[in-house]
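# Fold and geometry: a report
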Amino acid sequence: MSVSESIVVEDNDTKGRYLYRAEGHEAEMTFSKVGTSQIIIDHTDVPDAFRGQGVGLALVTRAVEDARANGIKIRPLCPFANAQFRRHPEWADVLAR
C-alpha cells in the first residue's frame, strides 16, 4: 500500500488532521475549519524516520484532492504546506486568496 493510500483523515466540527502511520512512527498535518468552505493548514510534522520519502508532500496532496472533491479552499499557513503550494501552481484552484 502506498503512502497516499495509507493516509487517514480525522475530522471533527472545527479541526482535523491527516495522519500517516508506519513502522511505529506517525506523521501528521493539522487543519482548522473556517466555516464550511475553507480549511487552514496550520502544522505539518514528519518524523526523521520518514524524511525524504515524500510523506509530507503526500499529506498536502491528499488535502488538495479532498478540497477539490468537496469544493473547499485551503489557506496554507504552515510553512511546509505553503512551500508546497508555491511549488505546485496546478493547485491554485483550491488556494484561498
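Data block above holds the structure.
Residues numbered from 1 in each chain as written. Predicted model: local features only at pLDDT ≥ 70, side-chain atom pairs only at ≥ 80, totals over all residues. Heavy atoms only, no water.

### Some points on the nonpolar core
Of all hydrophobic cores here, the largest spans 26 residues; its most connected members are Tyr20, Ile41, Val55, Leu59 and Ile74. If you list the elements that add at least two residues to this core, you get β2 (15–22), β3 (25–34), β4 (38–45), α2 (55–70) and α3 (79–87). Residue contributions to this core peak at seven residues, all from α2. Val55 has contacts with Val3, Tyr20, Ala27, Val46 and Phe50, leaving out every residue within four places of it along the chain. (Core = buried A, V, L, I, M, F, W, Y, C linked by side-chain atoms within 4.5 Å. Buried < 20%, exposed > 50% of the residue type's maximum accessible area, 1.4 Å probe, protein only. Helix = DSSP H or I, 4+ residues; strand = E, 2+ residues; numbered from the N terminus. Contact = heavy atoms within 4.5 Å.)

### Points about the sheet that holds β4
A sheet is described by the order of its strands in space; here five strands give the open sequence β1-β2-β3-β4-β5, paired in mixed fashion. Where the open sheet ends on each side, the last strands, each with one partner, are β1 (8–11) and β5 (73–76). Between one strand axis and the next, the sheet turns by 25° as a mean value, whatever way the strands run. Pairing of β4 with β5, which is carried by four bridges, proceeds in the parallel orientation. Its bridge partner lying in β5, Ile39 is registered against Ile74. (Pairing = 2+ DSSP bridges. Axes fitted to C-alpha atoms, helices over the stretch in contact; angles between N-to-C directions.)

### What about the side chain of Thr44?
Locating Thr44 in the fold gives a position in strand β4. Excluding anything up to four places from it in sequence, Thr44 contacts Glu28, Met29, Leu59, Cys78 and Phe80.

### A look at the environment of Glu10
As for its position among the elements, Glu10 is in strand β1. Counting along the chain gives 20 residues from Glu10 to Thr30, while the straight-line C-alpha distance between them is 9.3 Å. Filtering out sequence-adjacent residues up to four positions away, Glu10 remains in contact with Gly16, Arg17, Leu19, Arg21 and Phe31.

### Looking at the packing of α2 against α3
Taken N-terminus to C-terminus, the directions of α2 and α3 make an angle of 70°; their axes are 10 Å apart at the nearest point. Judged by the angle between their axes, α2 and α3 are roughly perpendicular. Of the residues in α3, those touching α2 at Gly56, Leu57, Val60 and Val64 are Phe80, Ala81, Gln84 and Phe85. Considered class by class, the residues forming the contact of α2 with α3 number six nonpolar, two polar and no charged. (Parallel < 35°, antiparallel > 145°, perpendicular 65-115°, else oblique. Nonpolar A, V, L, I, M, F, W, Y, C, P; charged D, E, K, R; others polar.)

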